[in-house]
Amino acid sequence: MSSSAPRQLALTSAAQILAMGLWFSASSVVPALRAEWALSTQGTVLLTASVQVGFAAGALVSAVANLADRLRPERLLAASAAAGALLTLLFPLCGDQFWLAVLLRFGTGMALAGVYPVGMKIVVSWFPNSRGLALGVLLAALALGSASPHLLAGSLPEWRTVLVVAALLALGAAALAVLFVHVGPAARRSPPWEPRYLLTMARDRRQRLIAFGYFGHMWELYAFWTWIPAYAAAASQRSVSLLAFTVIGVGGAIGCLLGGALSDRFGRIDVALAALAVSGTCCLISAFVFGAHPAVLGTLLFVWGVAAIADSGQFSAALSEAADARYVGTALTAQTAIGFLLSALTIQGLPVLADAVGWRAAAPALAVGPLLGVIAMVRLRRTSLDQISKSVIN
């Protein structure tokens, strides 16, 4: 590992913290938007999910064009963060033009597709042999950055200020990336354009199972993150903004670091299995602690916040090790594209289900994702054991 690797990890993580606040910058101020724009539940869901759909669209375009592998990653990250910042600055000017607001959030999601997956590509290029902890650090930064608007919303008096501050921080991320962030010695030279690499991923059993595990994880994660305030408010939990930041930011950061450190020691598959099992259990328990004492509910949500993202870095690290080294950025971007598209469905579906049956009964539906992820990881473990057995016999 190069002596510059820790410094570049810190710089790339700082850029993620500053840029990813764009993600929940609008959803963190939904109560104010509902009052001022007279938003319905469907309008709120559409405004929130448009970021996910935009991210998926941007990531799919990036994957097909191999952008993360063919362009300089630090410049792509900087340009994407700046574009997202400018679109977010325009959001407060929408007035009552709801569909313009949706388009701006869709564009912000597309821009963020050049921030998160590209950040993983940069980190992997510096840490060829200890990717679990390194990606855990990066994902901890993602969790803190994503949660930051909730902290801003709880401390700033006006919703427009929250978006402006998030945009200015993202512009800082762009400057940081273009001036100080660089790819590592393990980065490959720009490979030829290969749009069919997505088919190669789908045909490879190991890459396919890793992706399926990730999809189960994404079924749960962003719907959980998005609707924590609504669930907690319905359960009579006070200080919702602070709670959301604590669960997403603090709990998420702990989960990322813990999962990354353990995976380098015990293996990606086992750590991902454990995290999926714990988060899935939390999904189910959420029905029983609904309306409980705030300390009990808060503890459950914090544990859930730790476990829900602890496996994310393991899927990224495992895929980066299983993919063609020339197209690691493409593989990571493709996986996140489909995962975030799936998360858009649960983000839209969960509040609709909650309107029909209440949050107590709706939240456990997220357990479907971890269950399917566990099945994929069990099959991946069997595949790995079979490969080891064959190599020993040969």
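Calculation notes
- Residues numbered from 1 in each chain as written.
- Predicted model: local features only at pLDDT ≥ 70, side-chain atom pairs only at ≥ 80, totals over all residues.
- Heavy atoms only, no water.
- Helix = DSSP H or I, 4+ residues; strand = E, 2+ residues; numbered from the N terminus.
- Buried < 20%, exposed > 50% of the residue type's maximum accessible area, 1.4 Å probe, protein only.
- Contact = heavy atoms within 4.5 Å.
- Lys, Arg positive; Asp, Glu negative; His and termini not counted.
- Charge placed at Lys NZ, Arg CZ, Asp CG, Glu CD.
- pLDDT = per-residue confidence, 0-100.
- Axes fitted to C-alpha atoms, helices over the stretch in contact; angles between N-to-C directions.
- Left-handed = near helix turned anticlockwise from the far one by under 90°.
- Nonpolar A, V, L, I, M, F, W, Y, C, P; charged D, E, K, R; others polar.
- Parallel < 35°, antiparallel > 145°, perpendicular 65-115°, else oblique.
- 1 Å grid on protein atoms, 1.4 Å probe; cavity = no way out; pocket = protein on both sides within 12 Å on 5 of 7 lines; lining within 4 Å.
- Points joined across faces, edges and corners; volume = space filled by probe spheres on them.
- Domains from an automatic or database assignment.
- Disulfide = S-S within 2.5 Å.
- Phe/Tyr/Trp six-rings, centres within 6.5 Å; stacked < 30°, edge-to-face > 60°.
- Salt bridge = Lys/Arg side-chain N within 4 Å of Asp/Glu carboxyl O.

**Student:** Just to check I follow, could you spell out the overall build of the chain for this structure?
**Tutor:** Summing up its helical and strand segments, the chain has 18 helices and zero strands in all. Viewed in the frame of its principal axes, the chain has a C-alpha envelope of about 65 × 45 × 35 Å. Evaluated residue by residue, the chain yields a buried proportion of 56% over its 394 residues. A sequence separation of at least 24 residues applies to 86% of the contacts in the chain between residues at least 6 apart. Here the chain holds 25 positive side-chain charges and 15 negative ones, and the gap between their average locations is 6 Å.

**Student:** Quick question: what am I supposed to make of the confidence of the model for the chain here?
**Tutor:** As a note on interpretation, predicted positions should not be read in detail where pLDDT is low. Confidence along the chain averages 89 in pLDDT terms, with 96% of residues attaining 70 or more. The element-level mean pLDDT for the chain is lowest in helix α18 (residues 368-393), coming to 76, with helix α5 (residues 73-90) highest at 96. Low confidence marks residues 388-394, where pLDDT is under 50. Its contacts with residues over four positions away, or in another chain, come to zero contacts.

**Student:** I tried to follow the packing of helix α3 (residues 41-65) against helix α6 (residues 98-112) on my own but got confused; where do I start?
**Tutor:** Working note: a packed helix pair is described by the angle between its axes plus the distance between those axes. One way to put it is that α3 packs onto α6 with a least axis distance of 6 Å and a crossing angle of 35 degrees. Crossing of α3 against α6: the hand is right-handed. In this structure, α3 uses Gly-43, Leu-46, Leu-47, Ser-50, Val-51, Val-53, Gly-54, Phe-55, Ala-57 and Gly-58 to contact α6, whose residues at the interface are Phe-98, Trp-99, Ala-101, Val-102, Arg-105, Phe-106, Gly-109, Met-110 and Leu-112. In the contact of α3 with α6, the residues fall into 13 nonpolar, five polar and one charged.

**Student:** Which parts of the structure should I look at to understand the packing of helix α13 (residues 268-289) against helix α15 (residues 312-322)?
**Tutor:** Packing of α13 against α15 leaves a shortest axis separation of 9 Å and a crossing angle of 155 degrees. Judged on the interaxial angle alone, α15 and α13 are roughly antiparallel. Pair α13 / α15 crosses with left-handed handedness. Residues Arg-268, Val-271, Ala-272 and Leu-276 of α13 lie in contact with α15, whose contacting residues are Gln-314, Phe-315, Ala-317, Ala-318 and Glu-321. Along the lines of polarity and charge, the residues of the contact of α13 with α15 split into six nonpolar, one polar and two charged.

**Student:** Help me understand the layout of surface pockets in this model?
**Tutor:** Taken as a whole, the largest pocket holds about 530 Å³ of empty space. Mapped by element, the contributors of at least two residues to the lining of the largest pocket are α2 (30-37), α3, α8 (131-155), α9 (159-180), α11 (205-234), α12 (240-266) and α16 (328-357). The leading source of residues in the lining of the largest pocket is α11, at six residues. Across the lining of the largest pocket, the residue classes tally to 19 nonpolar, eight polar and three charged. Residue assignment places the lining of the largest pocket across two domains, with domain 1 (1-184) and domain 2 (194-393) each supplying three or more.

**Student:** When you look at the state of the cysteines in this model, what are you seeing that I'm missing?
**Tutor:** Note on terminology: a disulfide is the covalent bond linking the sulfur atoms of two cysteines. Here the structure, examined in full by the defined rule, presents zero disulfides. Distance from the sulfur of Cys-256, which forms no disulfide, to the nearest cysteine sulfur (Cys-282) is 15 Å.

**Student:** It is not clear to me how the packing of aromatic side chains should be interpreted in this structure. Could you clarify?
**Tutor:** Aromatic ring pairs: the centre-centre distance and the angle between the two ring planes describe each pair. Applying the stated criterion to the full structure yields 20 aromatic pairs. A ring pair is formed by Trp-23 and Phe-55, whose centres lie 5.3 Å apart and whose planes are at 55 degrees; its orientation type is tilted. Taken together, the residues Trp-23 in the loop between α1 (5-20) and α2 and Phe-55 in helix α3 connect sequence positions 32 residues apart. Judged by its relative accessible area of 0%, Phe-55 falls in the buried class. Between the aromatic rings of Tyr-231 and Phe-290, the centroid separation amounts to 5.5 Å while the plane-to-plane angle is 70 degrees, which identifies the pairing as edge-to-face. Here Phe-290 lies in the loop between α13 and α14 (294-310) and Tyr-231 lies in helix α11, a separation of 59 residues in the sequence.

**Student:** Just to check I follow, could you spell out the pattern of salt bridges for this structure?
**Tutor:** Once the charged atoms of two side chains with opposite charge are near each other, the side chains can pair. Applying the stated rule across the entire model yields nine salt bridges. For the salt bridge of Glu-36 with Arg-160, the shortest nitrogen-to-oxygen distance reads 2.3 Å. One end of the pair, Glu-36, is in helix α2; the other, Arg-160, is in helix α9, and 124 residues separate them in sequence. You can call Glu-36 partly exposed: its relative accessible area is 42%. Judged by relative accessible area, which is 29%, Arg-160 ranks as partly exposed. Where Asp-324 meets Arg-326, a salt bridge forms, and the shortest distance between an N and an O atom there is 2.8 Å. Under the relative-accessibility criterion, Asp-324 is labelled partly exposed at 26%. With a relative accessible area of 38%, Arg-326 lands in the partly exposed category. Connected through salt bridges with shared partners, the residues Glu-36, Glu-158 and Arg-160 form a single ionic network.

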